[in-house]
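Residue-level listing of the chains:
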Amino acid sequence: MLPAALRRWLRRPKRSDPRLLSQFFFADERVTRVVAEINGLDAEQDPQQYLVLLNQLHLSQAHLLAVLERIMEECIPTQRHSRDYLVKFPEELLVDNLGNHMLFAAECLLAGTFLEMEESDGAQLRPQARNLLCSLELVRTVLREQSLSQPSSYPEPVRAVLIQFDRLFAEFELSYVSSLVAVKSPDEIYRQQEIIVLFCETVERALHLGYLTQEMIDGYEPLLMFTIPRLAIISGLLIYPEGPLSLERSPEEMSRVFSPFYNLLKKIRDLLRVLSAEELCLLERSLCTAEQEDPCSPEAPPAWGAAVPSVDPPAPFSLLDIPNATQPLPTCTTQLGPPQCSG
């Protein structure tokens, strides 16, 4: 009978094998090899090589987690733990390698190192960190064995350990991030969705008025990064005054995106309210053009009178970064058809 080590060698998958379990085998092997090199190295005698190996470990772990994620999507797509809590996280935390950061944090917590958190919080998270890392080791063991026997199937024991790891990972991720930063409340998430709707309505209105074109949007015109937020402020203060920019609310009831600028928004609204419909039309054109362009030039797209809001609106020119804000605002003459800017 062949020794176990020889049988494992004979069953070893090929690197060209596209099956996920085969890819996992080599990704796991790479992590194991780098860890062995780090453990056998004296960091004080060769710090440069130690840093090189640490970087290799980071990359190999990230690759391992990426393959594991694909395996879970293929094996337990309908049994994954909900990730709805991710909408509560600040946008700057939603990076591609967040999972790798979570495992590094778990390893630090298990070693007694509390990064950027109170020691009491770290002590509470240590059991979760321990369970997560133990689950990961079990997953690696089970998937290695499966890749050597039947890399095309996922029997029930494999599915069970994947479901457990997925749940422990999600629970630790939410607990760890919540202990570091203030996550969004359900009310804040709703307010953020209101802002998304406001921006969508603003874009639809700008397309209807001819301020923007579909080609600009489809082509990801860089100017839109400035144009759409500018127009959204006007829309939120004048066109949709009961929306997310409603100043009838207290600052605490507004989204954190706008609440620090509550007083500034009131000044903007007061300035906009003194404009006529034609002046508002000219202002909005100004916000849609590059600084060197003249909104009253013949090349400027017309704004049809039927689409101009009947409400007397608001605008803080310098505050909205309007070009040549210190100059008097030109007026539009009322004509039949689309109003034209007076020269």
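In the block above lies the structure referred to throughout.
The sections below set out a description of the structure shown in this document. (Residues numbered from 1 in each chain as written. Predicted model: local features only at pLDDT ≥ 70, side-chain atom pairs only at ≥ 80, totals over all residues. Heavy atoms only, no water.)

## Some points on the overall build of the protein chain
Looking only at helices and strands, one finds 11 helices and 2 strands in the protein chain. In the protein chain, which comprises 343 residues, the share counted as buried stands at 40%. For the protein chain, the proportion of contacts with a sequence separation of at least 24, taken over those separated by at least 6, is 72%. When the accessible surface of the protein chain is totalled, it reaches about 19400 Å², and 56% of it is carbon and sulfur. (Helix = DSSP H or I, 4+ residues; strand = E, 2+ residues; numbered from the N terminus. Buried < 20%, exposed > 50% of the residue type's maximum accessible area, 1.4 Å probe, protein only. Contact = heavy atoms within 4.5 Å. Areas by Shrake-Rupley, 256 points an atom, 1.4 Å probe, with all protein chains shown as cover.)

## Here we look at the pattern of salt bridges
For the structure shown, the criterion picks out 16 salt bridges. Between R140 and E137 there is a salt bridge, and its shortest N-O distance comes to 3.2 Å. Of this pair, R140 and E137 both sit in helix α5 (residues 119-149), 3 residues apart, roughly one helical turn. In this structure, E171 and R167 form a salt bridge, with 3.4 Å as the shortest nitrogen-oxygen distance. (Salt bridge = Lys/Arg side-chain N within 4 Å of Asp/Glu carboxyl O.)

## As for the environment of I189
Inspection of the secondary structure puts I189 in helix α7 (residues 186-209). Overall, the relative accessible area of 15% leaves I189 in the buried class. As a C-alpha pair, I189 and S255 span 66 residues in sequence and 8.7 Å in three-dimensional space. Once you skip the residues sitting within four places of it in the chain, I189 turns out to touch V87, K88 and K184.

## Structural notes on helix α3 (residues 47-75)
For α3, spanning 29 residues, the distance from its first C-alpha to its last is 41 Å, which sits close to the expected 42 Å at 1.5 Å a residue. For α3, the full list of buried residues reads L53, L57, S60, L64, L65, V67, L68, I71, M72 and C75. Contacts from the buried residues of α3 go to α2 (20-39), α4 (98-110), α5 and α6 (156-180). (Expected span 1.5 Å × (residues − 1).)

## With respect to the nonpolar core
One finds L68, I71, L143 and L162 to be the most contacted residues of the largest nonpolar core, which totals 44 residues. Where this core is concerned, the elements lending two or more residues are α2, α3, α4, α5 and α6. A total of 10 residues in this core trace back to one element, the largest contributor, which is α6. With residues up to four places along the chain from it excluded, the contact list for L162 reads L68, I71, M72, C75, I76, V139 and L143. Formed by 29 residues, the second largest nonpolar core is a distinct cluster that contains I228, I234, L272 and L283. (Core = buried A, V, L, I, M, F, W, Y, C linked by side-chain atoms within 4.5 Å.)

## Brief notes about α2
Across its 20 residues, α2 extends 29 Å between first and last C-alpha, which sits within 8% of the 28 Å expected from 1.5 Å per residue. Where α2 is concerned, the buried positions are L20, L21, S22, F24, F25, F26, A27, D28, V31, V34 and I38. Contacts from the buried residues of α2 go to α3 and α5.

## Some words on the packing of aromatic side chains
Counted under the stated rule, the structure contains 4 aromatic pairs. Seen in terms of ring centroids, Y85 and F89 are 5.6 Å apart; in terms of plane orientation they differ by 55 degrees. Their pairing is tilted. Residues Y85 and F89 agree in their burial class; the two are buried. (Phe/Tyr/Trp six-rings, centres within 6.5 Å; stacked < 30°, edge-to-face > 60°.)

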